[in-house]
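Topology and contacts: notes
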Amino acid sequence: MIRISSEQGQPLRAFSEEPEQVIAFHDRFGFVGENSLEKRKKMRKAAGGFVPLEEPRFEFALQFQNGEVDVRALKDCRLKREGSRY
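What comes next is a walk through the structure. (Residues numbered from 1 in each chain as written. Predicted model: local features only at pLDDT ≥ 70, side-chain atom pairs only at ≥ 80, totals over all residues. Heavy atoms only, no water.)

**Observations concerning the sheet that holds strand β6 (residues 68-75)**
For clarity, the cut-off: A pair of strands counts as paired when DSSP detects no fewer than two bridges linking them. Here a strand is any run of E in DSSP of at least two residues, a helix any run of H or I of at least four, and the numbering for each starts at the N terminus. For helices, the axis comes from a line fit to the C-alpha atoms of the stretch in contact; other axes are also lines fit to C-alpha atoms, and the angle between any two N-to-C directions lies between 0 and 180 degrees. Whether two residues are in contact is decided by their heavy atoms: any pair within 4.5 Å suffices.
Read from one edge of the open sheet, four strands run β4-β3-β5-β6, paired in antiparallel fashion. Strands with a single pairing partner mark the edges of an open sheet, and in this sheet they are β4 (30-33) and β6. In this sheet, neighbouring strand axes are inclined to one another by 25° on average, regardless of whether the strands run parallel or antiparallel. With four bridges connecting them, strand β3 (residues 20-26) and β4 associate as antiparallel partners. Across the sheet, the residue bridging to F25 is F31, located in β4. Here helix α1 (residues 34-46) sits on the sheet and contacts β3 and β4; the angle it forms with β4, its principal contact strand, is near 105°.

This is the structure:
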């Protein structure tokens, strides 16, 4: 499991170890994976809610292999490794 925490160490979000996933940060939804974002949009639309065409502020990819994680910056972000943290 991957956990995203604030600089103060407060947990913000956790993601399961899927083989590969793209995580984005949206003003409306916060940190969310692509699959989860599409499900949320469909649920809002089905309920008659407004679903704006909002681009994420930034995106990064997680890829898991043999218990190791590879993190890559995709859009408008930089990654810095500090021990076992990024």
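After that view of the structure, there is still more to cover.
**Some details on the packing of aromatic side chains**
Our working definition: For Phe, Tyr and Trp, rings pair up if their centres lie within 6.5 Å, where Trp contributes its six-membered ring, and each pair is then called stacked (planes under 30 degrees apart), edge-to-face (over 60) or tilted (otherwise). Relative accessibility thresholds used throughout: buried, under 20% of the residue-type maximum; exposed, over 50%; partly exposed, between the two (1.4 Å probe, protein chains only).
Evaluated as defined, the whole model comprises three aromatic pairs. Residues F25 and F31 carry aromatic rings whose centres are separated by 5.0 Å and whose planes lie at 65° to one another, so their mutual orientation is edge-to-face. Ring geometry for F25 against F58: centres 5.7 Å apart, planes inclined by 10°, an arrangement best described as stacked. With F25 in strand β3 and F58 in strand β5 (residues 58-65), the pair connects residues that are 33 residues apart, well separated along the chain. We classify F58 as partly exposed; its relative accessible area is 23%. Joined through ring pairs, the aromatic side chains of F25, F31 and F58 make up one cluster.

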